[in-house]
Amino acid sequence: MTSSAVRSEPWASGGVLERYADWLPIDASTPRVSLGEGSTPLVRARSLERATGADEVWLKLEMCNPTGSFKDRGMAVAVAKAIEQGATAVLCASTGNTSASAAAYAARCGLRAFVLVPEGRIAKGKLAQAAAHGAKILAVDGNFDDALRSAQRLTEHLPVALVNSVNPYRIDGQKTAAMEIVDELGDAPDLHCIPVGNAGNITAYWRGYREYFQAERSSKHPRMLGVQAAGAAPLVLGRPVEQPETIATAIRIGSPASWDGAVAARDESRGAIIAVGDDEILHAYRTLAGEEGVFCEPASAASVAGLLSRHGDGSLAGRRVVCTITGHGLKDPERAIESIQADVVEIGPEYEEAEAVIREGLA
Ligand SMILES: *Cc1c(COP(=O)(O)O)cnc(C)c1O
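Predicted model only: the values in this text are computed from it and were never measured.

This brings us to helix α14 (residues 298-311). Compared with an ideal rise of 1.5 Å per residue, which puts 14 residues at 20 Å, α14 spans 20 Å between its outermost C-alpha atoms and is within 8% of the ideal. Of all the bends in α14, the greatest, near 25°, is centred on valine 304. Counting buried residues along α14, 11 of its 14 residues qualify, which places the element largely inside the surrounding structure. Along α14, the residues classified as buried are Pro298, Ala299, Ser300, Ala301, Ala302, Ser303, Val304, Ala305, Gly306, Leu307 and His311.

And the structure:
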């Protein structure tokens, strides 16, 4: 497909390349690749306002992107630039969501997609997405860090575009989430909580907030609170973790590619990067689903777990907080069934049995 064909498609309107064109490294010849990513909901979370004492806690529902995670913002830009530069194939290493997103955008634009995933360590829904969109899936007998090392070498030797977040266009696409938050709230929040795996997203948000501040679109910067899982917390420990372990597979990463970006976001914003246990992640996961109606994946709940771990004592009076909810709970139904007690009653086909159960439930 030629770039002009992509550009003239009617679906090319509305995505991040259109809406944030002035803030992206693109020009008129860059195809406006889009699946309608971005413009995600920003919703209040009253239970978290009560717990933290904050005036406002907002959830940025990045799980509402077309493939169910924030990766789509960066992927739209990375794939557009790959097409502009003549690529016919894209490649990535992934804990799941990057591969789902790369596969979808590649399918839409007529590119081949190759994805390297740690075998047996990615949520079923994400694997299903990559398969459905026709990606070639390389199941690596190793962890994400091994897969990323191979991916980087492969793109040095083969005519394929690397679309991991080491690709700077990914970061530029993802920074638009921070810009949307400022556009919607009228200013930057005081605190921004975000899960950290490979650290591309915290780097991207910080870039977005900084660029908007420099352009006087906001009056302040937020403090960035990055949250890692205790078993995969290299940025907290200050050294890589050989065998990262957590139920939050999307952040099960021992050697983050954007290490320096995460440290800069933390230090320049006078924020912090902290670790939370899997038990805290699951508690936040259940609370979000049960009290806020937000069914996210465990890695996403880490941002809220971090907020509660730091400020569950009600210390945020007068503050405005945003938490990024990075990916959709439907990607990992096995985790949900395992860790959330379903309230099921088995009944016969008769009306009376159903009525009895409901009467009891209403009592
Ligand atoms: C990729 C991902 C993360 C981690 O983002 P990084 O940019 O790798 O730090 C967190 N949550 C979900 C759902 C993800 O897909």
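Before going further, it helps to examine the packing of aromatic side chains. Tallying each qualifying case throughout the model produces three aromatic pairs. Taking the centre distance of 4.9 Å and the plane angle of 65° together, the rings of tryptophan 23 and tyrosine 212 count as edge-to-face. Of this pair, tryptophan 23 sits in the loop between α2 (16-19) and β1 (42-44) while tyrosine 212 is found in helix α10 (residues 200-214), placing the two residues 189 residues apart along the sequence. Given a relative accessible area of 1%, tyrosine 212 falls into the buried group. Their ring planes at 45° and their centres at 6.2 Å tell us that tyrosine 285 and phenylalanine 295 sit as a pair that is tilted. Linking tyrosine 285 in helix α13 (residues 278-292) with phenylalanine 295 in the loop between α13 and α14, this pair joins segments that are 10 residues apart in sequence. With a relative accessible area of 0%, tyrosine 285 lands in the buried category.

Moving on to unusual backbone geometry. Positive phi, close to 55°, is recorded for serine 39, a residue that is not glycine. Looking at the element boundaries, serine 39 is found in the loop between α2 and β1. The class of serine 39 is partly exposed, set by a relative accessible area of 48%. In this structure, alanine 199 is a non-glycine residue whose phi angle is positive, near 75°. In this fold, alanine 199 is placed in the loop between β7 (191-195) and α10. Taking the relative accessible area as the measure of exposure, alanine 199 reaches 4% and is therefore buried.

Spatial strand order, β1-β2-β10-β7-β8-β9: six strands in an open sheet with mixed pairing. The open sheet is flanked by β1 and β9 (272-276), the only strands paired with a single partner. Strand after strand, the sheet turns through a mean of 25° between neighbouring axes, direction not considered.

Across soluble globular proteins, nonpolar side chains have a tendency to be buried as a group. If you look at the biggest cluster of nonpolar residues, it comprises 55 residues, and the most contacted ones within it are Val79, Val90, Ile202, Tyr205, Tyr209 and Met224. Among the elements of the structure, α2, α4 (71-84), β3 (89-93), α5 (97-109), β4 (112-118), α9 (176-185), α10 and α12 (259-268) are those that each provide at least two residues to this core. Take this core: its biggest share by element is eight residues, from α4. When residues no more than four places from it in sequence are discounted, the contact partners of valine 90 are Ala82, Ala102, Ala106, Leu111, Arg112, Ala113, Phe114, Ala161 and Val163. One finds Leu61, Ile247, Ala284 and Ala336 within the second-largest nonpolar core, a separate group that totals 37 residues.

Glancing now at helix α16 (residues 351-362). Here α16 is 12 residues long and its end C-alpha atoms lie 17 Å apart, about the 16 Å a rise of 1.5 Å per residue gives. In terms of residue burial, α16 counts as a barely covered element, since only zero of its 12 residues are buried.

Before going further, it helps to examine the pairing of strand β8 (residues 223-229). Taking burial as the measure, the seven residues of β8 include six buried ones, the bulk of the element. Alignment of β7 against β8, held across five bridges, turns out to be parallel. By the bridge assignment for β8, histidine 192 is matched with methionine 224. Each parallel crossover has a hand, and for β7 linked through α10 to β8 it is right-handed. When β8 meets β9, the two strands line up parallel, connected through five bridges.

Looking now at the site of the ligand. Lys71, Asn97, Asn198, Ala199 and Thr326 are the nearest of the 16 residues found near the ligand. Contact between the ligand and glycine 197: an oxygen atom at 2.8 Å from a main-chain N or O atom of the residue. Between the ligand and alanine 199 there is a distance of 2.8 Å, counted from an oxygen atom to a backbone nitrogen or oxygen. For the ligand, the protein covers 97% of the area, taking 380 Å² as the surface of the free molecule. Broken down by secondary-structure element, the contributors of at least two residues to the shell around the ligand are α10 and α14. For the shell around the ligand, the per-class residue count stands at six nonpolar, eight polar and two charged.

Positionally, glutamate 56 belongs in strand β2 (residues 56-61). Among the polar contacts made by the side chain of glutamate 56, one reaches the side chain of arginine 320 at a distance of 2.7 Å. Residues in contact with glutamate 56, not counting those within four places in the same chain, are Arg44, Glu49, Arg319, Arg320 and Val321.

Further remarks concern a nonpolar patch on the surface. On the surface, a cluster of nonpolar side chains totalling about 470 Å² of accessible area is made up of Val345, Ile347, Val357, Ile358 and Leu362. Take isoleucine 347: it is sitting in the loop between α15 (333-339) and α16. Take isoleucine 347: its relative accessible area is 40%, and that puts it in the partly exposed class.

About the cut-offs
Residues numbered from 1 in each chain as written. Predicted model: local features only at pLDDT ≥ 70, side-chain atom pairs only at ≥ 80, totals over all residues. Heavy atoms only, no water. Helix = DSSP H or I, 4+ residues; strand = E, 2+ residues; numbered from the N terminus. Expected span 1.5 Å × (residues − 1). Bend = angle between axes of the 7 residues up to and from the residue. Buried < 20%, exposed > 50% of the residue type's maximum accessible area, 1.4 Å probe, protein only. Phe/Tyr/Trp six-rings, centres within 6.5 Å; stacked < 30°, edge-to-face > 60°. Pairing = 2+ DSSP bridges. Axes fitted to C-alpha atoms, helices over the stretch in contact; angles between N-to-C directions. Core = buried A, V, L, I, M, F, W, Y, C linked by side-chain atoms within 4.5 Å. Contact = heavy atoms within 4.5 Å. Right-handed = clockwise from strand over helix to strand, strands pointing away. Near = heavy atom within 4 Å. Polar contact = N/O pair within 3.5 Å; in protein donor to acceptor, adjacent residues only side chain to side chain. Areas by Shrake-Rupley, 256 points an atom, 1.4 Å probe, with all protein chains shown as cover. Nonpolar A, V, L, I, M, F, W, Y, C, P; charged D, E, K, R; others polar. Patch = residues over 30% accessible without salt bridge, like charges linked within 9 Å, V, L, I, M, F, W, Y side chains within 5 Å. Salt bridge = Lys/Arg side-chain N within 4 Å of Asp/Glu carboxyl O.

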